[in-house]
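Overview (structure and organization)
Each chain is listed here by its residues.
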Amino acid sequence: MGFENGLKTIVVATDLEGQADAALEYARKLATNYGARIVLAHGLDPMEYAAVDGLPGAVASHLTEAARKVLDALAADLLREGIHSHSEIRQGTVAEMLVDVARQYEAGLIVIGTKGMEGVGPVVVGAIAEQLVRLAPCPVLAVAADWNAGPNRPTPGGPVLLAMERNEAAAAAAATAYSLADTFHRPLLVLHVRTAAEVSALLNPCSSKLEDFGIRLQGNAPVHCLVKDGSPADAIAEAIAENHPCILVAGVKRASGTPGPHGTAFALLSASRVPVLCVPPEGARAEMEQEIAVPVATS
């Protein structure tokens, strides 16, 4: 289930300090335009409170009560906008908690706010977001609280930018990007970063039909193609600076093919000047459910 099949449920990671406000703002816009409900998810991360299981009952109860008050207030605001919502408070790491909630509610999208350049820094939040997009059964939208406000706020009416790459997630990413462009009446910019081999062969990927990349034109959004050379992360950053998109959509593989601890997804999530929507391969939910259904062998 995804954008192309109708977005019905959105899981939003919430906190108690307002750092997820930008993420919730984007979730509201999507929920309104797609007729979706929102599940407000808050997690008590053991990394923040040492061992949660060892917390005194009164402390744990206080944390839960504080979270419940915040979520109830958010739910009331959403209802006034005509958006139905539900709340979940759970213990566990952020990524695992959100994946569990998304699986339970068969969500079509997870929205997470990051601290951007402030707080713990882009390396940590980028790593958490990357872990989430590698595990999630649905697309993940990462919105940096400080990078998407003030002078860095995306230009109203900006295009949807699709970072096109020939991988197993390409078709799903293309369908999602086109759905967003068509729903919000924006143009779709398709960016392809040429490999060294393509540059040597003087190959222009945009000379091929867009359908070859998985884009099926079933709406009214205009589509334009961009070609750049260099590293994908640098080329995408350049395209964002030149075109001022409202969102960046990228297909994300389950395992990174880039040497080192992180892949291109990490570079996008930790440094993007616009919200980043990471889309997993088609069938990601079915694969995850199959993994859960397989019994663990015991010796």
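Above: the structure in question.
First, a word on what this report is: a plain description of the structure on this page.

Here is what the cut-offs are and how they apply
Residues numbered from 1 in each chain as written. Predicted model: local features only at pLDDT ≥ 70, side-chain atom pairs only at ≥ 80, totals over all residues. Heavy atoms only, no water. Helix = DSSP H or I, 4+ residues; strand = E, 2+ residues; numbered from the N terminus. Polar contact = N/O pair within 3.5 Å; in protein donor to acceptor, adjacent residues only side chain to side chain. Contact = heavy atoms within 4.5 Å. Expected span 1.5 Å × (residues − 1). Buried < 20%, exposed > 50% of the residue type's maximum accessible area, 1.4 Å probe, protein only. Arc of directions from axis to C-beta. Salt bridge = Lys/Arg side-chain N within 4 Å of Asp/Glu carboxyl O.

The next point concerns the side chain of Arg186. Here Arg186 is to be found in the loop between helix H5 (170–183) and strand E7 (188–194). At 3.1 Å, the side chain of Arg186 forms a polar contact with the backbone oxygen of Gly158. In this structure the side chain of Arg186 is engaged in a polar contact, spanning 3.3 Å, whose partner is the backbone oxygen of Phe184. Discounting chain neighbours no more than four positions away, the residues touching Arg186 are Gly157, Gly158, Pro159, Val160, Ala181, Ala221, Pro222 and Cys246.

Given 3.6 residues per helical turn, the α-helix brings residues three or four places apart onto the same face. Spanning twelve residues, helix H7 (residues 232–243) covers 16 Å between terminal C-alpha atoms, matching the ideal 16 Å at 1.5 Å per step. Three or more residues of H7 are buried, namely Ala235, Ile236, Ala239 and Ile240. Buried residues of H7, viewed axially, fall in a sector of 140°; they line one side. Exposed residues lying more than 90 degrees from the buried face of H7 are Asp234 and Ala241. Positive backbone phi, at 50°, marks His244, one or two positions downstream of H7.

It is worth spelling out the pattern of salt bridges at this point. Under the defined criterion, the tally for this structure stands at seven salt bridges. Its salt-bridge partner being Asp100, residue Arg103 comes within 3.2 Å of it at the nearest N-O pair. With Arg103 and Asp100 both in helix H3 (residues 94–104), this residue pair falls three residues apart, about one helical turn. According to the relative accessible area criterion, Arg103 is partly exposed, its value standing at 26%. Judged by relative accessible area, Asp100 falls into the partly exposed class, the value being 36%. Between Lys228 and Glu242 there is a salt bridge; the shortest N-O distance is 3.0 Å. Of the two residues, Lys228 is situated in strand E8 (residues 223–229) and Glu242 in helix H7; the sequence distance between them amounts to 14 residues. Look at Lys228 and you get buried, because its relative accessible area is 13%. When salt bridges with common partners are traced through the structure, they connect Lys228, Glu238 and Glu242 into a single cluster.

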